[in-house]
Number of protein chains: 2
Amino acid sequence: MSGDSDGGVRSVTRAIDMLDLFDERNLRYTTRELVERTGLAKTTVLRLVGTLEQRGLLWTGPDGRIAAGPGLLRWARLAHAVWQVPEAARAVMRELVADTAETVNLYVRADAVRVCVAQEEGPQRLRHVVNTGDEMVLWGGAASKVLLIGADDATLLRVAAASPYGPAHVDRLRAQVGDAAERGYAVSHGEREHGASGVAAPVFGRTGRTPVAALAVGGPTARFTDAAVRGFTESVMGAARRISEIGLDPAGGAPAPGEDR
Amino acid sequence: MSGDSDGGVRSVTRAIDMLDLFDERNLRYTTRELVERTGLAKTTVLRLVGTLEQRGLLWTGPDGRIAAGPGLLRWARLAHAVWQVPEAARAVMRELVADTAETVNLYVRADAVRVCVAQEEGPQRLRHVVNTGDEMVLWGGAASKVLLIGADDATLLRVAAASPYGPAHVDRLRAQVGDAAERGYAVSHGEREHGASGVAAPVFGRTGRTPVAALAVGGPTARFTDAAVRGFTESVMGAARRISEIGLDPAGGAPAPGEDR
């Protein structure tokens, strides 16, 4: 297949996959390790690394190992300019931590995945660890149901297809999303990860009925008893309403978080 | 030409070029604006945006405008983990600002460009504005001469070819770089930008004679008189030596800045 027949999508996807191999625990790789991890031919890896290195997105050290490049700093600045959550909204998240003693995350939907854009950590040792910028699945978890409110059927189908249950999951997903829309919150137990539970509520923009984000508390299922969940639901819904009033309209008609401030 | 014949380099380059259109002053574009700015066919733009959006690197708002996506937050975290300059080195940079009353930048070389990885702003109104993560040319400026110490001839040729003087510039560049290597510093006046001057010195890693970074003071030429430059040179060389001792070995054999701390 020529790279052109798909508009070069495959090459771009491969480049992003390669950058995604790097994280705080894996700061550098040898070429050989990159070949192993990507499953690509060595010549392809070398060409991709060369291209990304020319743009400063990767960096080859004197020992030949390849690391994240300084060019990512520019995108870091950009990401923070667009996605910085206003301090007032952060304060509400911290209050929610104080209320629930669980970790609080704010997620947005990016096509068929969700991304954590802000986190306030809970006080307990056993807690739900997600890092800012982490991509997570949309087929499971309370926040996913909330983020899919208003999504079209094609999106729901793609999300279901990416789930371990396959495309048939779409009916269950549609019902769960409908439920979240009606009640104004969603609860999940062990859907994405065994033993992990969450409660989420939608954050709305200044316009529209489609959520711009989901505010969620997450933690071990053992602490998410029915009684606890009732309290969490109340707290999360209240906090989400307050954040909606503060405004959090990423890249919408209204200013994005962090813009014009 | 098939996208495969160049290993998909062209598509990856286009995707990076598109992301590079976004900055703090240009947070969002319409599809039409992206077509105009990139000079690509609309179908190509739509495919690239679709691919980048699926990975959270771009984001389409409810008004249809396209912005930097939340997925960049992950790379932001990564870039900071690798490229965070140690506080002790930052302190030296601030002392250098106090000494010279000019803005101090720390640059690293990424193939044939340089990238600003840290900045301490000078106190005066008229100052040299560079942002962390900004890519800058290597064919001009004092920091470039320093960063090219030890570079092979192929690199010098590519840098010269990218200059307004064309490949013939390589002889002058080689002489300037040799000069910087011998003296341990470089001075430039209006090379890259009319009216802008700089003094730079190399920061070395724990091993090797190739600089890992260039420490530079930059400001208006009017303030970079011969007498001032003598003082700046002394200060910059001293500060660069101290930062070399502190250690700043991006992606080298030694820990990178920010790692293992």
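Reading the values: rules and limits
Residues numbered from 1 in each chain as written. Chains lettered and ligands numbered in written order. Predicted model: local features only at pLDDT ≥ 70, side-chain atom pairs only at ≥ 80, totals over all residues. Heavy atoms only, no water. UniProt positions renumbered as here; feature names shortened; annotations may be inferred. Helix = DSSP H or I, 4+ residues; strand = E, 2+ residues; numbered from the N terminus. Pairing = 2+ DSSP bridges. Contact = heavy atoms within 4.5 Å. Axes fitted to C-alpha atoms, helices over the stretch in contact; angles between N-to-C directions. Least-squares fit on C-alpha atoms with pLDDT ≥ 70 in both. Expected span 1.5 Å × (residues − 1). Buried < 20%, exposed > 50% of the residue type's maximum accessible area, 1.4 Å probe, protein only. Buried area = accessible area lost by both parts, 1.4 Å probe. Salt bridge = Lys/Arg side-chain N within 4 Å of Asp/Glu carboxyl O. Polar contact = N/O pair within 3.5 Å; in protein donor to acceptor, adjacent residues only side chain to side chain. Core = buried A, V, L, I, M, F, W, Y, C linked by side-chain atoms within 4.5 Å. Parallel < 35°, antiparallel > 145°, perpendicular 65-115°, else oblique. Nonpolar A, V, L, I, M, F, W, Y, C, P; charged D, E, K, R; others polar.

1. Some words on the UniProt feature "domain: HTH iclR-type" (unreviewed entry) in chain A
Consideration 1: As annotated by UniProt and renumbered to match this structure, "domain: HTH iclR-type" (unreviewed entry) occupies residues 9-70 of chain A.
Consideration 2: Along residues 9-70 of chain A the backbone is 53% helical and 13% strand, and the end-to-end C-alpha distance reaches 25 Å.

2. A closer look at the sheet that holds strand E3 (residues 66-68) of chain A
Residues and elements named next belong to chain A.
Consideration 1: Taken in spatial order, the three strands line up as E1-E3-E2 in an open sheet, and their pairing is antiparallel. Across the chains shown, the open sheet's two edge strands, defined by having one partner strand only, are strand E1 (28-29) and strand E2 (58-60).
Consideration 2: Across three bridges, E2 lies against E3 in antiparallel orientation. The residue bridging Thr 60 from the neighbouring strand is Ile 66, located in E3.
Consideration 3: Across the sheet, helix H3 (residues 42-54) lies against E2 and E3, angled at about 105° from E2, the strand it touches most.

3. Describing the relation of the copies chain A and chain B
Consideration 1: Laying chain A over chain B is done by rotating through 180° and shifting 0.0 Å along the axis; what remains is an RMSD of 0.1 Å. These values place the two chain copies in the arrangement generated by a two-fold rotation axis.
Consideration 2: Comparing contact sets, 100% of the residues at the interface of chain A also lie at the interface in chain B, consistent with an isologous, same-surface contact.

4. Side note on helix H4 (residues 72-83) of chain A
Residue and element names in this part refer to chain A.
Consideration 1: Taking 1.5 Å per residue as the helical rise, H4 with its twelve residues ought to reach 16 Å, and the 16 Å between its terminal C-alpha atoms agrees with that figure.
Consideration 2: Across the twelve residues that make up H4, a large majority, eleven, are buried.
Consideration 3: Along H4, the positions that sit buried rather than exposed are Leu 72, Leu 73, Arg 74, Trp 75, Ala 76, Arg 77, Leu 78, Ala 79, Ala 81, Val 82 and Trp 83.

5. Re the pairing of strand E8 (residues 196-204) of chain A
Residue and element names in this part refer to chain A.
Consideration 1: By the criterion of burial, E8 is predominantly enclosed, with eight of the nine residues buried.
Consideration 2: Bridge count for strand E7 (residues 186-189) against E8 is four bridges, and the pairing is antiparallel. The residue bridging Ala 186 from the neighbouring strand is Ala 200, located in E8.
Consideration 3: Between E7 and the antiparallel strand that follows it, E8, lie six residues; Gly 190 among them carries a positive phi value of about 60°.
Consideration 4: Both E8 and strand E9 (residues 211-220) contribute to a ladder of nine bridges, which runs antiparallel. Each bridged residue has a counterpart across the sheet, and for Pro 202 the counterpart in E9 is Ala 214.

6. Points about the sheet that holds strand E7 (residues 186-189) of chain B
Residue and element names in this part refer to chain B.
Consideration 1: Taken in spatial order, the six strands of this open sheet run E6-E5-E4-E9-E8-E7, and their pairing is antiparallel. At either margin of the open sheet sits one strand with a lone partner, and together these are strand E6 (135-137) and E7. Neighbouring strand axes in the sheet, compared pairwise and without regard to direction, differ in orientation by 35° on average.
Consideration 2: The sheet contact formed by strand E4 (residues 103-110) and strand E9 (residues 211-220) spans five bridges and is antiparallel. Paired with Asn 105 across the bridge in E9 is Ala 216.
Consideration 3: The strands touched by helix H9 (residues 226-246) are E7, strand E8 (196-204) and E9; relative to E8, the strand with the most contacts, the crossing angle is about 30°.

7. Quick look at the interface of chain A and chain B
A common measure of how large an interface is: the accessible area buried when the components associate.
Consideration 1: Taken together, the 73 residues of chain A in the interface contact 73 residues of chain B.
Consideration 2: Summing both partners gives a buried area of about 6400 Å² for chain A against chain B, and 61% of it is carried by carbon and sulfur.
Consideration 3: Run the count over chain A and chain B and you get six salt bridges.
Consideration 4: A salt bridge links Arg 74 of chain B to Asp 20 of chain A; its shortest N-O distance comes to 3.4 Å.
Consideration 5: Counting every contact that joins chain A to chain B gives 14 residue pairs in polar contact (both at pLDDT 80 or more).

8. Focus: the nonpolar core
Consideration 1: Counting residues in each nonpolar core, the largest one holds 115 residues, and the members touching the most others are Leu 106 and Leu 215 of chain A together with Leu 106 and Leu 215 of chain B.
Consideration 2: With residues near it in sequence (within four places) discarded, Leu 106 of chain B still touches Val 85, Met 93, Val 115, Cys 116, Val 117, Ala 118, Val 203, Ala 213, Ala 214, Leu 215 and Leu 248 of chain B.

9. Focus on the packing of helix H5 (residues 87-100) of chain A against helix H9 (residues 226-246) of chain A
Residues and elements named next belong to chain A.
Consideration 1: Between H5 and H9, the least distance of the axes is 9 Å, while the angle of their chain directions is 175°. Relative to H9, the element H5 lies roughly antiparallel. Of the residues in H9, those in contact with Ala 88, Ala 89, Val 92, Met 93, Glu 95, Leu 96, Asp 99 and Thr 100 of H5 are Phe 232, Ser 235, Val 236, Ala 239, Arg 242, Ile 243 and Ile 246.
Consideration 2: A class-by-class count of the residues in the contact of H5 with H9 yields ten nonpolar, two polar and three charged.

10. Side note on the environment of Arg 241 of chain A
Consideration 1: Structurally, Arg 241 of chain A can be placed in helix H9.
Consideration 2: With 39 residues separating them in the primary sequence, Arg 241 of chain A and Pro 202 of chain A have C-alpha atoms 8.0 Å apart.

11. Side note on the environment of Val 159 of chain A
Residue and element names in this part refer to chain A.
Consideration 1: The topology assignment puts Val 159 in helix H7 (residues 153-161).
Consideration 2: Val 159 gets classed as buried once you look at its relative accessible area, which sits at 2%.
Consideration 3: For the pair Val 159 and Leu 215, spaced 56 residues apart in the sequence, the C-alpha separation amounts to 20 Å.
Consideration 4: Excluding residues that lie within four positions of it along the chain, Val 159 makes contacts with Ala 112, Leu 138, Trp 139, Leu 148 and Leu 173.

12. Structural notes on the pattern of salt bridges
Consideration 1: Applying the stated criterion across every chain, the model contains 28 salt bridges over all chains.
Consideration 2: In this structure, Glu 95 of chain A engages Arg 242 of chain A in a salt bridge whose closest nitrogen and oxygen atoms are separated by 3.1 Å. Note that Glu 95 of chain A is positioned in helix H5 and Arg 242 of chain A in helix H9, a separation of 147 residues in sequence.
Consideration 3: A relative accessible area of 36% means that Arg 242 of chain A is categorised as partly exposed.
Consideration 4: Through salt bridges that share partners, Asp 17 and Asp 20 of chain A together with Arg 55 and Arg 74 of chain B make up one connected network.

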